[in-house]
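# Examining the three-dimensional arrangement
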Amino acid sequence: MGIIIKPIVTEKMTAMGEKYNRYGFRVDPKADKLQIKKAVEEMYNVTVVSVNTMNYRGKNKSRYTKTGLISGRTAAYKKVLVTLKEGETIDFYSNI
């Protein structure tokens, strides 16, 4: 498995990509900023200006069912915002 798990494609991230030239990815929690920068540059052939990382903790969730209370936990993950050089873009929809 590589460093980049998947791109984050939401309305908010699409707007951020258009306005600030910034894109979001879910990455391996053990990866550091230099590894992430190198992986994005190699995968998409772009120049990365800055990398901002965020670690999200898993949340406890519970719901009531006919058989009783079911409790669980959502997964913890690491999210990255990558800012590209002016004039460069990443097209996530090119392979569709």
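See the structure printed just above.
Structure report, in brief. (Residues numbered from 1 in each chain as written. Predicted model: local features only at pLDDT ≥ 70, side-chain atom pairs only at ≥ 80, totals over all residues. Heavy atoms only, no water.)

## What about the sheet that holds strand 3 (residues 48–56)?
Rules: Strands are labelled as partners when DSSP assigns at least two bridges between them. Helix and strand assignments follow DSSP, with helices taken as H or I runs no shorter than four residues and strands as E runs no shorter than two, numbered in order from the N terminus. All axes here are fitted lines through C-alpha atoms, helices being fitted over the stretch that makes contact, and every angle between N-to-C directions spans 0 to 180 degrees. Here, residues are in contact when the closest pair of their heavy atoms is within 4.5 Å.
Sheet architecture is open: four strands sit in the order 1-2-6-3, paired in antiparallel fashion. This sheet does not close on itself; its edge strands, each paired only once, are strand 1 (4–7) and strand 3. In this sheet, adjacent strand axes meet at a mean angle of 30° when their direction is disregarded. Here strand 3 pairs with strand 6 (residues 77–84) via eight bridges, running antiparallel. Across the sheet, residue Thr53 finds its bridge partner in strand 6, namely Val80. Packed on one face of the sheet, helix 2 (residues 33–44) meets strand 1, strand 2 (22–27), strand 3 and strand 6 and runs near 120° to strand 3.

## Some details on helix 2
We count it as follows: What a helix is expected to span follows from its residue count: subtract one and scale by 1.5 Å. Each residue gets one of three labels from its accessible area relative to the maximum for its type: buried under 20%, exposed over 50%, partly exposed in between, using a 1.4 Å probe on protein chains only. Here the arc refers to the set of directions running from the helix axis out to each C-beta atom.
In a regular helix each residue adds 1.5 Å, so 12 residues correspond to 16 Å; helix 2 covers 16 Å between its end C-alpha atoms and thus fits that length. Every buried residue belonging to helix 2 is among Ile36, Ala39 and Val40, and all of these are buried. All buried residues of helix 2 lie within an arc of 95° about the axis, which places them on one face of the element. Opposite the packed face of helix 2, turned more than 90 degrees from it, sit the exposed residues Leu34, Lys38 and Glu42. Lining the buried residues of helix 2 we find strand 1, strand 2, strand 3 and strand 6.

## Overview of the packing of aromatic side chains
Cut-off, in case you're wondering: Think of it this way: a Phe, Tyr or Trp ring, Trp meaning its six-membered ring, pairs with another when their centres are within 6.5 Å, and the plane angle makes it stacked under 30 degrees, edge-to-face over 60, tilted otherwise. The criterion is that NZ of a Lys, or CZ of an Arg, lies within 6 Å of the ring centre and within 35 degrees of the ring normal, and then a charge sits over that ring.
Applying the stated criterion across every chain, the model contains five aromatic pairs. Relative to Tyr44, the ring of Phe25 lies with its centre 5.8 Å away and its plane at 35°, an arrangement referred to as tilted. Pair noted here: Phe25 is in strand 2 and Tyr44 is in helix 2, with a separation of 19 residues, a long-range link. Measuring from ring centre to ring centre gives 6.0 Å for Tyr44 and Phe92, while their planes differ by 85°; the resulting arrangement is edge-to-face. With a gap of 48 residues between them, Tyr44 in helix 2 and Phe92 in the segment after strand 6 connect regions that are remote in the sequence. Here Tyr44 falls in the partly exposed class, since its relative accessible area comes to 24%. One aromatic cluster in this structure is built from Tyr23, Phe25, Tyr44 and Phe92. Of note, Arg26 hangs over the ring of Tyr77, and the distance from its end group to the ring centre comes to 4.1 Å.

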